[in-house]
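Structural characterization, general
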Amino acid sequence: MLNRTELRNALGRKEFTVRDLAAELGLSDATARARVQRLQEAGVVEPTGEVLQHLGDGGRPLRGRPATLYRIV
């Protein structure tokens, strides 16, 4: 499992989404989601309480659930 330092080195910022982590580590979204869950249980990350709505052309929201933002504790 990643520790705080490795996570900060990989992401380079404090707030991230599951998709950000998946892209940075070369994982599938499902694998990254499971990893974030384990990191959250270990107290390494926590949700910020904010969500990120993906926007399409013209600034219209895309379909689907907004992405939860997480921060490194």
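Residues numbered from 1 in each chain as written. Predicted model: local features only at pLDDT ≥ 70, side-chain atom pairs only at ≥ 80, totals over all residues. Heavy atoms only, no water.

Further remarks concern the overall build of the protein chain. Across its full length, the protein chain holds three helices and three strands. The N-to-C order of helical and strand elements in the protein chain reads α-β-α-α-β-β. Taking the principal axes of the C-alpha coordinates as reference, the protein chain spans close to 40 × 25 × 20 Å. Long-range contacts, defined here as pairs at least 24 residues apart, represent 48% of the contacts in the protein chain between residues at least 6 apart. Surface exposure of the protein chain reaches about 5000 Å², of which carbon and sulfur atoms provide 46%. On the protein chain, the mean spot of the 12 positive side-chain charges and the mean spot of the 9 negative ones are 3 Å from each other. (Helix = DSSP H or I, 4+ residues; strand = E, 2+ residues; numbered from the N terminus. Contact = heavy atoms within 4.5 Å. Areas by Shrake-Rupley, 256 points an atom, 1.4 Å probe, with all protein chains shown as cover. Lys, Arg positive; Asp, Glu negative; His and termini not counted. Charge placed at Lys NZ, Arg CZ, Asp CG, Glu CD.)

With that settled, the discussion passes to helix 3 (residues 29-41). For helix 3, with 13 residues, the first-to-last C-alpha span of 18 Å sits near the 18 Å given by 1.5 Å per residue. G43 sits one or two residues past helix 3 and shows a positive phi near 80 degrees. (Expected span 1.5 Å × (residues − 1).)

Right, let's talk about the packing of helix 1 (residues 4-11) against helix 2 (residues 18-25) for a bit. Their axes nearest at 10 Å, the elements helix 1 and helix 2 cross at an angle of 85 degrees. In terms of orientation, helix 1 and helix 2 fall into the roughly perpendicular class. For the pair helix 1 and helix 2, the contacting residues are L7, A10 and L11 in the first and D20, L21, E24 and L25 in the second. (Axes fitted to C-alpha atoms, helices over the stretch in contact; angles between N-to-C directions. Parallel < 35°, antiparallel > 145°, perpendicular 65-115°, else oblique.)

In this model, the protein chain carries a mean pLDDT of 90, and residues with pLDDT of at least 70 account for 100%. Of all secondary-structure elements in the protein chain, the lowest mean pLDDT belongs to helix 1, at 86, while helix 3 reaches the highest, 95. (pLDDT = per-residue confidence, 0-100.)

A few words now on helix 1. The set of residues buried in helix 1 consists of L7, A10 and L11. The arc that holds the buried residues of helix 1, viewed along the axis, is 85 degrees, so those residues lie on one side. Exposed and oriented more than 90 degrees from the buried face of helix 1 are T5 and N9. Packed against the buried residues of helix 1 are strand 1 (15-16), helix 2, helix 3, strand 2 (45-52) and strand 3 (67-72). Count one or two residues on from helix 1 and you reach G12, which has phi positive near 75 degrees. (Buried < 20%, exposed > 50% of the residue type's maximum accessible area, 1.4 Å probe, protein only. Arc of directions from axis to C-beta.)

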